[in-house]
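The lines below spell out each chain.
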Amino acid sequence: MPERLRVGVLASGRGSNFRALVEAAAAGRIPADVVVLVTDRPSAPALDIARASRIEAVVVDAKHHPSREAHEKAVIGVLEERRVGLVCLAGYMRLLTGPFVGHFAGRLLNIHPSLLPAFPGLHPHRQTLEHGVKVSGATVHFVDEGVDTGPIVLQAAVPVLQNDTEATLSERILAVEHRLYPEAVRLFALGRLEIRGRRVHIREST
Ligand code: GRF
């Protein structure tokens, strides 16, 4: 039997998407194991989730590395040592350079709380409210060298309500993120995602 997919998650903060992936894997909803959490922040709350779930957590503190490249090399080392087949960014607050993205090409996913290509980058909920759109949502995409520009795997729409604040909108979108990310990882783990240029083709299940 082929080995189950080994997933590494990179998170800098709260870690609720990390938790959603861990729970989905533990419940058998995705045929994969989350084997390591890597964070760049020693104080990231995601570390507590890893501890509680008995998932290995590694802090690769950018302060302890002389350059961005050196920091990324250290992260690659941690992930490769654990033979990770898929890397999921989940609120990882660092821009990744070409060599990192190239190293994990086709096996690096990110989740973003807007319907990309609308509102990429920082403060997507604020951008959404300021622009006045009536529908927003969440996007899981493969990562390329741009900011939130890679081929889109899955999207789900969420209405923007009249009285929404950044807090209420992000809470409503987050609930959708927690379903969407495990579903994207499930499809990846089943080998059903095929990148064709900018488009991601989802193969029928056999
Ligand atoms: C999520 O909204 C995710 O889409 C974005 O950063 C946030 C991370 O939240 N990339 P959490 O740390 O997973 O709770």
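First things first, this report covers the structure right here in the doc. (Residues numbered from 1 in each chain as written. Predicted model: local features only at pLDDT ≥ 70, side-chain atom pairs only at ≥ 80, totals over all residues. Heavy atoms only, no water.)

1. Thoughts on helix H3 (residues 68–81)
We count it as follows: Helix and strand assignments come from DSSP, with helices taken as H or I runs of at least 4 residues and strands as E runs of at least 2, each series counted from the N terminus. A helix is expected to span 1.5 Å multiplied by its residue count minus one. A simple rule labels every residue: compare its accessible area, found with a 1.4 Å probe on the protein chains alone, to the largest value its type can have, and call it buried under 20%, exposed over 50%, or partly exposed in between. Directions pointing from the helix axis toward each C-beta atom define the arc. Contact between two residues is taken to exist if any of their heavy atoms lie within 4.5 Å; hydrogens are not considered.
When the terminal C-alpha atoms of H3 are compared, their 20 Å separation across 14 residues agrees well with the 20 Å that a helix rising 1.5 Å per residue should span. Among the residues of H3, those classed as buried are His71, Glu72, Val75, Ile76, Val78 and Leu79. Along H3, the residues classed as buried sweep out an arc of 160° about the axis, all on the same side. For H3, the exposed residues set more than 90 degrees away from the buried face come down to Lys73 and Glu81. Those residues of H3 that are buried lie in contact with strand E1 (5–10), strand E2 (32–39), strand E3 (56–59), strand E4 (86–89) and helix H4 (98–103). Positive phi appears at Arg83, one or two residues downstream of H3, with a value of about 50°.

2. Description of the nonpolar core
Quick reminder of the rule: We call a set of buried residues a nonpolar core when its members are Ala, Val, Leu, Ile, Met, Phe, Trp, Tyr or Cys and they connect through side-chain atoms within 4.5 Å of each other.
Formed by 42 residues in total, the largest nonpolar core has its most connected members in Val7, Val9, Phe18, Val34, Val153, Tyr181 and Val185. With nine residues, helix H6 (residues 166–189) is the single largest residue contributor to this core. Discounting chain neighbours no more than four positions away, the residues touching Phe18 are Val9, Val34, Leu37, Ala46, Ile49, Ala50, Ile55 and Ala90.

3. Some points on the site of the ligand
Operational definition: One heavy atom suffices: a residue is near a molecule or strand as soon as one of its heavy atoms comes within 4 Å of it. For this analysis, a polar contact is any N or O atom pair within 3.5 Å, provided that within protein one partner can donate a hydrogen and the other can accept it, and provided that sequence-adjacent residues contribute only side-chain to side-chain pairs. Throughout, the Shrake-Rupley method with a 1.4 Å probe supplies accessible areas, and for residues the shown protein chains are the sole cover considered. Residue classes follow a fixed rule: Ala, Val, Leu, Ile, Met, Phe, Trp, Tyr, Cys and Pro count as nonpolar, while Asp, Glu, Lys and Arg count as charged, and any other residue, Gly among them, counts as polar.
If you check the shell around the ligand, you find Arg14, Gly15, Ser16, Asn17, Gly91, Ile111, His112, Pro113 and Glu177 and nothing else. Arg14 places a polar side-chain atom, nitrogen or oxygen, 2.6 Å from an oxygen atom of the ligand. A distance of 2.6 Å separates an oxygen atom of the ligand from a polar side-chain atom of Glu177. Protein contact buries 86% of the 360 Å² of open area that the ligand shows by itself. Only helix H1 (16–26) and strand E5 (108–112) provide two or more residues apiece to the shell around the ligand. In the shell around the ligand, the residues fall into two nonpolar, five polar and two charged.

4. A closer look at the pattern of salt bridges
Short version of the rule: Put simply, a salt bridge is a Lys or Arg side-chain nitrogen that is within 4 Å of an Asp or Glu carboxyl oxygen.
The full count for this structure, using the stated rule, is 13 salt bridges. Its salt-bridge partner being Arg4, residue Asp33 comes within 3.1 Å of it at the nearest N-O pair. With Asp33 in strand E2 and Arg4 in the segment before E1, the pair connects residues that are 29 residues apart, well separated along the chain. One network of salt bridges, with partners in common, ties together Glu56, Glu81 and Arg82.

5. A look at the pairing of E5
Let me state the cut-off plainly: In this description, strands pair whenever DSSP reports at least two bridges between them. Consider the strands pointing away from the viewer: the crossover is right-handed when the path from the first strand over the helix to the second runs clockwise.
Of all the five residues making up E5, five are buried; the element is thus mostly covered by neighbouring parts of the structure. Across the two faces of E5 the burial is the same, with Leu108, Asn110 and His112 and Leu109 and Ile111 all buried. Of the strand pairs in this sheet, E4 and E5 are connected by three bridges, and their pairing is parallel. Paired with Val87 across the bridge in E5 is Leu108. Since E4 and E5 lie parallel, the crossover through H4 that links them has a hand, and here it is right-handed. Here four bridges tie E5 to strand E6 (residues 135–142), and the two strands are oriented antiparallel to one another. Looking at E6, one finds that His112 is bridged to Thr139.

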